[in-house]
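Survey of secondary and tertiary structure
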Amino acid sequence: MSLIGVIGNILVITVVYRQGLKDTPQILMMSLAASDALFSTVTLVMHVPDIIFSIDYYLATTILTYINVYIVEMYYFTIVLSFCTFPLISFERMIAVYFPFQVSRICTPFRIKCILVCLYVYSLAATIISVSYFYPLWLEIPFSNRTYAVVAQTDFLQNNLDVLNLSQTIILMYLLSIVSVSLTTICCLLIIVKLVRNSRSRLSKAKIQTKNSRNMQVVKMLLTACMMSCVSSIPTVAIDLFTESEYMQEGYMSHNFFVVLQTINHILFQLSPTLNFFIYLIMSSKFSATFKKIFQQNSNKLCC
């Protein structure tokens, strides 16, 4: 899934760049694809030690240590950025549906870019502090000249463990996960209600069949992507709330059950970045036409 996510989002970036970043939906798609491509790449890197463990346990442990110390922050950064981007996409599309003649004045490309910059800054600020939590501690293997690294807690984490856990829980879970998923879900439901009402109107049907057909494709395409994000995010939020509860903190949950829950979380997090490319390809005639054009041009160059 991660490999498909990397390839698919690189293709999305290529297609959207070829189309140009003139409209707000294309800017949002480019930002989301870049974040998802980075997320899928980091996920691939995080699973490299799983392959090496069967070959060299200590080498895999060292690689996993450096991943946990230096790379895992990028994983959480992309998750936070994705959680922040989908409410913006759903809200922008809701305005496009309810106020089609004012959307170009309300959601200008400049404003969307400024909001995206703020979301990047917020995502970085919410996760950058975790860089100071751990460091690689080198240990020597008994009766051998080999050494390997393990994850060790810094003095900063040990001295402020309760405060940091509370702040991370409030910022990343309650303010981010629950609020973002709730806003995205509400905006998607409002868009669906408006589309259902428009489908019952003959006048709106005539408009959709003529000038607004491509705009409605974009609305439905991004609506589907946002709904897919909600479907995959709601269980992850529920799992995070469950694992962070006092039931988990008191140690009643077995380690194996905790690993199963985390594995489900990883799969659900990867679901949306993997499927977005296929959603765009199937539901947008403009996107699919540009993709086919790029593919045909590359094929002709290879043949020549």
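None of the values given here were measured: they were computed from a predicted structure.

What counts as what
- Residues numbered from 1 in each chain as written.
- Predicted model: local features only at pLDDT ≥ 70, side-chain atom pairs only at ≥ 80, totals over all residues.
- Heavy atoms only, no water.
- Salt bridge = Lys/Arg side-chain N within 4 Å of Asp/Glu carboxyl O.
- Helix = DSSP H or I, 4+ residues; strand = E, 2+ residues; numbered from the N terminus.
- Patch = residues over 30% accessible without salt bridge, like charges linked within 9 Å, V, L, I, M, F, W, Y side chains within 5 Å.
- Areas by Shrake-Rupley, 256 points an atom, 1.4 Å probe, with all protein chains shown as cover.
- Buried < 20%, exposed > 50% of the residue type's maximum accessible area, 1.4 Å probe, protein only.
- Core = buried A, V, L, I, M, F, W, Y, C linked by side-chain atoms within 4.5 Å.
- Contact = heavy atoms within 4.5 Å.
- Phe/Tyr/Trp six-rings, centres within 6.5 Å; stacked < 30°, edge-to-face > 60°.
- Axes fitted to C-alpha atoms, helices over the stretch in contact; angles between N-to-C directions.
- Parallel < 35°, antiparallel > 145°, perpendicular 65-115°, else oblique.
- Left-handed = near helix turned anticlockwise from the far one by under 90°.
- Nonpolar A, V, L, I, M, F, W, Y, C, P; charged D, E, K, R; others polar.
- Expected span 1.5 Å × (residues − 1).
- Bend = angle between axes of the 7 residues up to and from the residue.
- Polar contact = N/O pair within 3.5 Å; in protein donor to acceptor, adjacent residues only side chain to side chain.
- UniProt positions renumbered as here; feature names shortened; annotations may be inferred.
- Pairing = 2+ DSSP bridges.

**What to know about the pattern of salt bridges**
Going through the model one piece at a time under the given rule, you end up with two salt bridges. When the shortest N-O distance is used, the salt bridge between R146 and D56 registers 3.1 Å. Placement of R146 in the loop between β1 (134–140) and β2 (147–153) and of D56 in the loop between α3 (48–52) and α4 (57–98) is noted, with a sequence separation of 90 residues between them. Its salt-bridge partner being R93, residue E92 comes within 2.6 Å of it at the nearest N-O pair.

**Some remarks on a nonpolar patch on the surface**
Together, L124, I128, I129, V131 and F156 line one region of the surface with nonpolar side chains, adding up to about 400 Å² of accessible area. With respect to the element layout, V131 can be found in the loop between α6 (109–127) and β1. Among the residues examined, V131 registers a relative accessible area of 40% and is labelled partly exposed.

**Quick word on the nonpolar core**
Y280 and F287 are the most contacted members of the largest nonpolar core, which totals 54 residues. Breaking this core down by element, the ones donating at least two residues are α1 (2–19), α2 (24–46), α4, α6, α8 (161–199), α10 (213–243), α12 (255–283) and α13 (285–303). With 16 residues, α4 is the single largest residue contributor to this core. If sequence neighbours within four positions are ignored, F287 has contacts with V12, V15, V16, Q19, M29, F277, Y280 and L281.

**A short note on the packing of aromatic side chains**
Taken as a whole and assessed by the stated rule, the structure comprises 14 aromatic pairs. Note on F83 and F269: the rings are 6.3 Å apart at their centroids and 85° apart in plane angle, and the pair reads as edge-to-face. Highlighted residues: F83 in helix α4 and F269 in helix α12, separated in sequence by 186 residues. In this structure, F83 and F269 share a single accessibility class: buried. Here F277 and F278 contribute two aromatic rings whose centre-to-centre distance is 5.4 Å and whose plane-to-plane angle is 70°, an arrangement assigned as edge-to-face.

**A look at the packing of α2 against α4**
Closest axis-to-axis distance for the α2/α4 pair is 9 Å, and the angle between their directions is 155°. Classified by the angle their axes make, α2 and α4 are roughly antiparallel. Relative to α4, the crossing made by α2 is left-handed. Considering only residue class, the contact of α2 with α4 consists of 18 nonpolar, six polar and three charged.

**Points about α12**
Here α12 contains 29 residues, and its C-alpha end-to-end distance of 42 Å stays within 8% of the 42 Å for a straight helix at 1.5 Å per residue. Roughly 35° is the biggest bend found in α12, and it falls at L275.

**Describing α4**
Taking 1.5 Å as the rise per residue, α4 with 42 residues should run 62 Å; its terminal C-alpha atoms sit 58 Å apart, in good agreement. If you check the start of α4, you find a side-chain oxygen 3.2 Å away from the backbone N of Y58, and it comes from D56.

**Some words on the UniProt feature "transmembrane region" (unreviewed entry) in the chain**
Sequence positions flagged by UniProt for "transmembrane region" (unreviewed entry) are, in local numbering, residues 28–48, 78–101, 113–135, 171–197, 218–239 and 259–283. With 100% helix and 0% strand, the stretch residues 218–239 has end C-alpha atoms that lie 32 Å from each other. In the segment residues 259–283, helix accounts for 100% and strand for 0%; the C-alpha atoms at its two ends are 36 Å apart.

**Here we look at the pairing of β1**
Pairing between β1 and β2: seven bridges, direction antiparallel. Looking across to β2, one finds that P136 is bridged to V151. In textbook terms, the turn of a hairpin is the stretch between consecutive antiparallel strands, and for β1 and β2 this stretch comprises six residues, one of which, F143, has a positive phi near 60°.

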